[in-house]
Amino acid sequence: MEPRPNIEENTQNKRIEMLEKGKKFLINNMVTILFVIIGYIGFVLSGLSLPFFLNDLINRVARNGFLVLALIIPVLAGMGLNFAVVLGAMAGQMAIIMTIHWGVFNWQGILLCVLLATPIAILFGFLTGKLLNKTKGQEMITSLILGWFANGVYQFIFLILVGSVIPMKNEELVLSTGVGLRVTVDLDKKLRYAIDSLFRFSFIKSVLIVGIVFISVALYMYIKNNKQGQLDSAKGKVMALSASGIVLGVWSIMTMLNSRNMLNNLNIPVVTFVIIGLLCFATAFLTKTKLGQDFRTVGQDQHLANVSGIDSNKIRVLAIVISTVLAAWGHIIYLQNMGTLSTYGSHENIGMFAIAALLIGGATVTKATIGQALLGTVLFHTIFIVSPLAGRNLLGDAQLGEYFRAFVVYGVIGVSLGMHAWKKQMQSKK
Amino acid sequence: MIERFQSFYKKAGLPRIIIAVFFFILTVTSSIIGIPFGGLMTDVIVRVAMNVVLVLAMVPGILSGIGPNFGLPLGILAGLLGAIISIEMELVGRSAFIGAILMAIPLAAIVGWGYGWLLNKVKGSEMMVATYVGFSAVSLMSIGWMVLPIKNPEMAWAMGKGIRTTISLEGRFRHLLNNLWHFNIGAFRVPTGLILFGLLMCFIMWLVLRSKTGIAMKTVGDNPKFAVASGLNVDKYRIIGTILSSILGAIGIIVYAQSFGFLQLYQAPMFMGFHAVAAVLIGGANVRNATITHVLIGTFLFQGLLVVALPVANNLLEQGSLAEITRMLVSNGIILYALTQVVGGE
């Protein structure tokens, strides 16, 4: 009946609980944590300077973020990872080729691209969705192979039909034989940076702004909860927010004071990031609507969905159409940043890289969130930037790092598909 | 007559008929535009015979229930490693070829065992997992090729580390089978050894499928629930099927390389699995059933089509990529068709 040991027991229980929680967190986020570590080690080994690395990373996140987000909705609808985003990318590319051909440049060109790409992507998405409804249970392998098949059709059209069947006269685009498109098309002064350069803003100042926003949100939460007397529940969040806000703010001011720091010269393409942000909001909003609920119901159990009056086939096609259209837009963003269109190669690895990024962020075949997509994009491209240099410094060959990163792409997809199938098998045994 | 035609149409399926007709038209076109028929047929026969073992590797996989072995690169890598060890040991001629095979078989068996174990853990998603296991193995082995301690100047880069991307088999076992007992009928050159070796492998497979193990393996693949009820260890026979498939992949790549004249390392094995899958599917197999006849017909149609398409395309069009495009369309198209049939049949 003594109170003391009881308290001790309580603290011990709490400690065990904390440990358990920590363990669970580690296990659930194993992949992400592993890649944070690999990325950090690679960064140190590569010997890159922070400004150079950040510049490259900002560029790549702006370039690829949209494409990775395009994968979320099919996952929600239980169709797994949509490797057929490649078809969306093709639609985007077709639109860009037409736009260049008609000579519409800059932001007007981008607008025209979007207008042209959308109907093509809707058509492709519709056909893909129909096919995936015929191969239920094997959607991912089907979408993967479909990507390659479509690539064959694409090459047939642009290498053989253009100039011979489809009339097209354009010295810049068509090969000197008059048949087939050139292998690379330069977008410089046409569409290059058409979105990115609309409004660029200092990176370090943006960090300061983010820091200030964090602190003000923390303050707001503190005041609001203090009034309602529920300070305890929000304590952790307030602390974390204000701490990170202060760290960001102090770091950015310190950097700005040191005028020789190269970080002061970094700019970010604000409009591109705003577009990515809008897509995040739109996706988050969509999941809360009736349609989002339908996606989730179909994702959990198609039979149940059918019984409760949802046409699951239609919902599945819709999910793929949305994903394909987003991929087409994402690819336009991607190419305006790249600055060169490699007619027969730009779209090829888009799906694979986007999927690997999503998975590295901690997503699985059945669950993907916006946060995972963004985190994954950052981590994946960190590894992409550092691995050739790390390979060169470690073993004297940059090629080695490139093979390593290919291994990472394939390996992470393989492992997470395997884990998913294994879990499913264990569940069905129970 | 019409009924007969309809039953044939149903049995053969639309894509197969299209491919066969396309092949026929190409062959006719080739003789009309004056491509020497004898030489063309020699190329067809050589290409079919050098690929047939790789395609045969699909049979044990499909029959044991793991489906088309998209992870064939694993077996291929074992075969390539065997060939490299054989060259590093300074073997020449027949002993080099046999040595490479003997070295590759245990390697492929070990790899196949591990791979089969993995496939047992992921039942239902074998095709997708296998594809990525194959891809990542090829990338990982690319690192392997760069760090393997090979000293032989035939294989090592003159500067830096690692093995060359392609290794010539000249003076080792290049064309060993192609030139064995070969004879000419006019311009048509018959590579007897190569054909006999392919048929020998088919015959061995035929025997294996009729052995007790083979029948058990087929039962497991055909109906796992029935197999469990009759006391068969499903997982065990699936592993046996995978091992057999990997071993055939290893032998297949050695046969392929002796005819091609080069060992192709690094990224080259990446898509070889898909071509083998496509070939057996064109022959009439599906993801649950495959026979040796399917292998022979499929390899003939697929490889034959590609061989004939190349000179015809070069003659009709200036672009050299039509043959490559045909291959992409045919191989991926037939795999897609087979995938739609899986669910459609259930």
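All of these numbers come straight from a predicted model, not from anything done at the bench.

**Q** Go over the overall build of chain B with me, naming the residues and quoting the values.
**A** Helix and strand counts for chain B stand at 14 helices and 4 strands. For 346 residues, the compact-globule estimate of 2.2 N^0.38 gives 20 Å, and the C-alpha radius of gyration of chain B, at 20 Å, lies within 12% of that figure. Across its three principal axes, chain B shows a C-alpha extent of roughly 60 × 55 × 35 Å. Across chain B, contacts joining residues at least 24 apart in sequence account for 76% of those joining residues at least 6 apart. Put simply, chain B shows about 14800 Å² of open surface, and 68% of that area lies on carbon and sulfur atoms. Once the 22 positive and 12 negative side-chain charges of chain B are each reduced to a mean point, those two points are 8 Å apart.

**Q** Mind laying out the overall build of chain A, listing which residues take part and the relevant values?
**A** When helices and strands are tallied, chain A shows 16 helices and 4 strands. For 430 residues, the compact-globule estimate of 2.2 N^0.38 gives 22 Å, and the C-alpha radius of gyration of chain A, at 24 Å, lies within 12% of that figure. If you line up chain A on its principal axes, its C-alpha atoms span 95 × 65 × 50 Å. The positive charge centre, built from 35 side chains, and the negative charge centre, built from 19, are 4 Å apart in chain A.

**Q** Pulling in residues and values, what's your account of the interface of chain B and chain A?
**A** With 41 residues of chain B in contact, the opposing surface of chain A contributes 43 residues. Summing the contributions of chain B and of chain A, the shared interface buries around 3700 Å²; its carbon and sulfur component is 76%. Counting the contacts that link chain B with chain A gives 0 salt bridges. Our enumeration of links across chain B and chain A arrives at 3 residue pairs in polar contact (both at pLDDT 80 or more). If you list the elements that add at least two residues to the side of chain B that touches chain A, you get α6 (93-121), α7 (126-147) and α14 (322-345) of chain B.

**Q** Break down the packing of helix α6 (residues 106-134) of chain A against helix α7 (residues 139-161) of chain A for me, citing the residues and quoting the values.
**A** All names here are of chain A. Packing of α6 against α7 leaves a shortest axis separation of 9 Å and a crossing angle of 140 degrees. The angle between α6 and α7 falls in the class oblique. The chirality of how α6 crosses α7 is right-handed. Along its contact with α6, which presents T128, L131 and L132, the element α7 presents E139, T142, S143 and L146. For the contact of α6 with α7, the class distribution of residues is 3 nonpolar, 3 polar and 1 charged.

**Q** Kindly report on a nonpolar patch on the surface, identifying the contributing residues and their values.
**A** All names here are of chain A. A cluster of nonpolar side chains, namely I37, Y40, I41, V44, L45, L394 and L395, defines an oily patch on the protein surface of about 660 Å² accessible area. Elements represented by at least two residues in the nonpolar patch include exactly α2 (30-46) and α15 (370-395). Broken down by element, the nonpolar patch gets its largest block of residues, 5 residues, from α2. By secondary structure assignment, the location of Y40 is in helix α2. Given the relative accessible area of 56%, Y40 is considered exposed.

**Q** Would you mind going over helix α13 (residues 312-338) of chain A in detail, with residue names and values included?
**A** Residue and element names in this part refer to chain A. For α13, which comprises 27 residues, the first-to-last C-alpha distance of 38 Å matches the rise-based estimate of 39 Å (1.5 Å per residue) to within 8%. Within α13, 21 of the 27 residues are buried, leaving the element largely enclosed by the surrounding structure. Downstream of α13 by a residue or two, G339 has a phi angle that is positive, lying close to 90 degrees.

**Q** Can you lay out the nonpolar core for me, pointing to particular residues and giving the numbers?
**A** Nonpolar side chains tend to gather and get buried jointly when the protein is soluble and globular. Grouped together as the largest cluster of nonpolar side chains are 211 residues, with contacts concentrated most on L81, F83 and I413 of chain A together with Y132 and I335 of chain B. Per-element accounting of this core gives the leading share, 13 residues, to helix α11 (residues 234-260) of chain B. Those residues in contact with I413 of chain A, other than ones at most four positions away along the chain, are F83, M352, I355, A356 and L359 of chain A together with Y132 of chain B. Within the second largest apolar cluster, 13 residues are counted, among which are A77, M79, V298 and A305 of chain A.

**Q** Tell me about the packing of aromatic side chains, and please be specific about residues and values.
**A** Summed over the entire model, instances satisfying the criterion amount to 25 aromatic pairs over all chains. Note on F380 of chain A and F384 of chain A: the rings are 5.1 Å apart at their centroids and 40 degrees apart in plane angle, and the pair reads as tilted. With F380 of chain A and F384 of chain A both in helix α15, this residue pair falls 4 residues apart, about one helical turn. According to the relative accessible area criterion, F380 of chain A is buried, its value standing at 2%. With a centroid separation of 6.1 Å and 45 degrees between ring planes, the pair formed by F135 of chain B and F274 of chain B is classed as tilted. Here F135 of chain B, found in helix α7, pairs with F274 of chain B, found in helix α12 (residues 272-282); they are 139 residues apart in sequence, far enough to count as distant. The structure contains a cluster of three or more aromatic residues connected by ring pairs, namely F83, W148 and Y410 of chain A together with F70, Y132, F135, F271 and F274 of chain B. We note R200 of chain A situated over the ring of Y193 of chain A; from NZ or CZ to the ring centre the distance is 5.2 Å.

**Q** Provide a residue-level description of the side chain of T128 of chain A, including the pertinent values.
**A** Residues and elements named next belong to chain A. Position of T128 among the secondary structure elements: in helix α6. For T128, a relative accessible area of 2% gives the class buried. Once residues within four sequence positions are removed from consideration, T128 is found in contact with A84, L87, L146 and I320.

**Q** Could you give an account of helix α3 (residues 37-56) of chain B, with specific residues and numbers?
**A** The α-helix advances 3.6 residues per turn, and as a result positions three or four apart in sequence lie on the same side. Between its first and last C-alpha atoms α3 of chain B spans 28 Å; for 20 residues at 1.5 Å apiece the expected length is 28 Å, and the two agree. The element α3 of chain B is extensively covered by neighbouring structure, given that 15 of its 20 residues are classed as buried.

**Q** Describe in detail the side chain of S136 of chain B, supporting the description with residues and values.
**A** As for its position among the elements, S136 of chain B is in helix α7. One polar contact links the side chain of S136 of chain B to the main-chain carbonyl oxygen of V133 of chain B, over a distance of 3.3 Å. The contact partners of S136 of chain B, leaving out residues within four places of it in the chain, are F407, Y410 and G411 of chain A.

**Q** Account for unusual backbone geometry, with residues named and values stated.
**A** In terms of backbone geometry, most residues other than glycine have negative phi values and most peptide bonds are trans. Residues and elements named next belong to chain B. Residue H175 is not a glycine yet carries a positive backbone phi of 55 degrees. Along the chain, H175 turns up in the loop between β1 (166-168) and β2 (183-185). Of the residues examined, H175 reaches a relative accessible area of 22% and is grouped as partly exposed.

**Q** Before we move on, could you go through the confidence of the model for chain A and cite the residues and values that matter?
**A** Summarising the model, chain A shows a mean pLDDT of 86, and 97% of its residues fall at 70 or more. Of all the helices and strands in chain A, helix α1 (residues 3-28) of chain A carries the lowest mean pLDDT, 73, while α13 of chain A carries the highest, 93.

**Q** Any chance you could break down the environment of L116 of chain A for me, citing the residues and the numbers?
**A** All names here are of chain A. Among the structural elements, L116 can be located in helix α6. Each C-alpha atom of the pair L116 and I322 lies 16 Å from the other, and the pair is 206 residues apart in sequence. Sequence-distant contacts of L116, that is, excluding residues within four places in its chain, are made with A95, M98, T99 and W102.

Analysis parameters
- Residues numbered from 1 in each chain as written.
- Chains lettered and ligands numbered in written order.
- Predicted model: local features only at pLDDT ≥ 70, side-chain atom pairs only at ≥ 80, totals over all residues.
- Heavy atoms only, no water.
- Helix = DSSP H or I, 4+ residues; strand = E, 2+ residues; numbered from the N terminus.
- Rg over C-alpha atoms; globule rule 2.2 N^0.38 Å.
- Contact = heavy atoms within 4.5 Å.
- Areas by Shrake-Rupley, 256 points an atom, 1.4 Å probe, with all protein chains shown as cover.
- Lys, Arg positive; Asp, Glu negative; His and termini not counted.
- Charge placed at Lys NZ, Arg CZ, Asp CG, Glu CD.
- Buried area = accessible area lost by both parts, 1.4 Å probe.
- Salt bridge = Lys/Arg side-chain N within 4 Å of Asp/Glu carboxyl O.
- Polar contact = N/O pair within 3.5 Å; in protein donor to acceptor, adjacent residues only side chain to side chain.
- Axes fitted to C-alpha atoms, helices over the stretch in contact; angles between N-to-C directions.
- Parallel < 35°, antiparallel > 145°, perpendicular 65-115°, else oblique.
- Left-handed = near helix turned anticlockwise from the far one by under 90°.
- Nonpolar A, V, L, I, M, F, W, Y, C, P; charged D, E, K, R; others polar.
- Patch = residues over 30% accessible without salt bridge, like charges linked within 9 Å, V, L, I, M, F, W, Y side chains within 5 Å.
- Buried < 20%, exposed > 50% of the residue type's maximum accessible area, 1.4 Å probe, protein only.
- Expected span 1.5 Å × (residues − 1).
- Core = buried A, V, L, I, M, F, W, Y, C linked by side-chain atoms within 4.5 Å.
- Phe/Tyr/Trp six-rings, centres within 6.5 Å; stacked < 30°, edge-to-face > 60°.
- Lys NZ or Arg CZ within 6 Å of the ring centre and 35° of its normal.
- pLDDT = per-residue confidence, 0-100.

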